[in-house]
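Close look at the chain arrangement
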Amino acid sequence: QVQLVESGGGLVQPGGSLRLSCAASGNIFRNNVMGWYRQAPGRQRELVGSITSSGITNYADSVKGRFTISRDSAKNTVILQMNRLKPDDTTVYYCKYNDWGPSDYWGQGTQVTVSS
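Residues numbered from 1 in each chain as written. Predicted model: local features only at pLDDT ≥ 70, side-chain atom pairs only at ≥ 80, totals over all residues. Heavy atoms only, no water.

Section: the packing of aromatic side chains
Applicable threshold: Stacked, tilted and edge-to-face are the three classes assigned to paired rings of Phe, Tyr and Trp, where Trp is represented by its six-membered ring and a pair needs centres within 6.5 Å; plane angles under 30 degrees give stacked, over 60 edge-to-face, the rest tilted. Per the convention used, a helix needs a DSSP run of H or I reaching at least four residues, while a strand needs a run of E reaching at least two, with both numbered from the N terminus. The classification of residues rests on relative accessible area computed with a 1.4 Å probe and restricted to protein chains. Under 20% of the type maximum is buried, over 50% is exposed, and intermediate values are partly exposed. Consider the ring centre and the ring normal. A charge sits over the ring if Lys NZ or Arg CZ is within 6 Å of that centre and within 35 degrees of that normal.
Counted by the stated rule, this structure contains two aromatic pairs. Between Tyr37 and Trp106 the ring centres are 5.1 Å apart and the planes differ by 75°, which places this aromatic pair in the edge-to-face class. Within this pair, whereas Tyr37 is found in strand S4 (residues 33-39), its partner Trp106 is found in strand S10 (residues 105-106), the two being separated by 69 residues in sequence. According to the relative accessible area criterion, Tyr37 is buried, its value standing at 16%. In this structure, Arg45 packs its charged tip against the face of Trp106, placed 4.5 Å from the ring centre.

Here is the structure:
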């Protein structure tokens, strides 16, 4: 089992920045991928950004150039730095862990609200 604890959501004005953090604990495999997803009401959960244990990143087109994902493998932590936030970025963000096996592990979600 893997447990994920997220932090860093909140309210920010358009054009502002937020930093989301996700700490993983439990049965962590060295070779894994962690990422951030978001889900608006009535819509499917979508990838925001992901990073492998070797540092390979992947981003949704809608956030490229604005968001940056990074990780501290020693601490099993992944960070999503979100800059130039837009109202369309408002939703719940979820952290995910997968060690290339059949199971995905999800965090509880953190609300991001971009509004003036």
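After that view of the structure, there is still more to cover.
Description of the nonpolar core
Spelled out, the test is: By nonpolar core is meant a set of buried Ala, Val, Leu, Ile, Met, Phe, Trp, Tyr and Cys residues that side-chain atoms within 4.5 Å join together.
Membership of the largest hydrophobic core comes to 26 residues, with the highest contact counts inside it found for Leu4, Trp36, Leu80, Met82 and Tyr93. Within the residue set of this core, elements represented by two or more residues are strand S1 (2-7), strand S3 (18-26), S4, strand S5 (46-52), strand S7 (67-72), strand S8 (77-82), strand S9 (91-98) and strand S11 (110-114). Top element by residues in this core is S3. It accounts for four residues.

Observations concerning the state of the cysteines
Which entries qualify depends on this criterion: Two cysteine sulfur atoms form a disulfide, by the criterion used here, when they sit within 2.5 Å.
The full count for this structure, using the stated rule, is one disulfide. The partner cysteine of Cys22 in its disulfide is Cys95, sulfur to sulfur 2.1 Å. The sign of the -85° torsion about the S-S bond sets the Cys22-Cys95 disulfide as left-handed. Within this pair, whereas Cys22 is found in strand S3, its partner Cys95 is found in strand S9, the two being separated by 73 residues in sequence. Cys95 shares its class with Cys22; the two are buried.

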